[in-house]
Amino acid sequence: MLERTRMIAGHAKLPQGMSASEIHQTLTVTIETDHQYWVILNASCTLSTQHAQNFFSSLLKGFSLMDGCDPIVNTIERNYHGKAKTALITAVKDAYKQYSAIRAKTEI
């Protein structure tokens, strides 16, 4: 299975006053995709509660990075209403940059 998937990560600074910021200075988002169509199979983040982590993962599952970052960002905007919203979006955009760099290398 691992040969057929890829993992990318993105990072962002957490806002002050969050419980997660007491543990981590930055928020990390990891995204596992299928190898061919870049569909998100699983996603995780370093938010402090398991519930928030599971919710974030469920928001991203099924999106294809080939469709761009905007559909994912729009989904986070509409559905996540916590202090970490901006950090989550920034980290997802950072992960998308990793995807773009990988795609640029493989298309040469």
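Structure's up top.
To start, this report covers the structure provided alongside it. (Residues numbered from 1 in each chain as written. Predicted model: local features only at pLDDT ≥ 70, side-chain atom pairs only at ≥ 80, totals over all residues. Heavy atoms only, no water.)

## Here we look at the sheet that holds strand 2 (residues 26-34)
Threshold: Strands are labelled as partners when DSSP assigns at least two bridges between them. Secondary structure counts use DSSP, requiring at least four H or I residues in a row for a helix and at least two E residues in a row for a strand, with both numbered from the N terminus. Here an axis means a line fitted to C-alpha atoms, over the contact stretch when the element is a helix, while the angle between two N-to-C directions is reported on a 0 to 180 degree scale. Contacts are residue-level and defined by heavy atoms, with any inter-residue pair within 4.5 Å sufficient.
On the basis of which strands lie adjacent, the open sheet formed by three strands has the order 1-2-3 and antiparallel pairing. Looking at which strands have only one partner, the edges of the open sheet turn out to be strand 1 (5-13) and strand 3 (40-45). On average, each strand axis in the sheet is inclined to that of its neighbour by 15 degrees, with strand direction left out of account. In this structure, strand 2 lies alongside strand 3, joined through five bridges in antiparallel fashion. In the sheet register, Glu32 faces strand 3, and the bridge partner there is Asn42. Sheet strands in contact with helix 2 (residues 50-60) are strand 2 and strand 3, and its direction is about 150 degrees off that of strand 3. Strands strand 1, strand 2 and strand 3 of the sheet are contacted by helix 4 (residues 85-106), whose axis makes an angle of about 140 degrees with strand 1.

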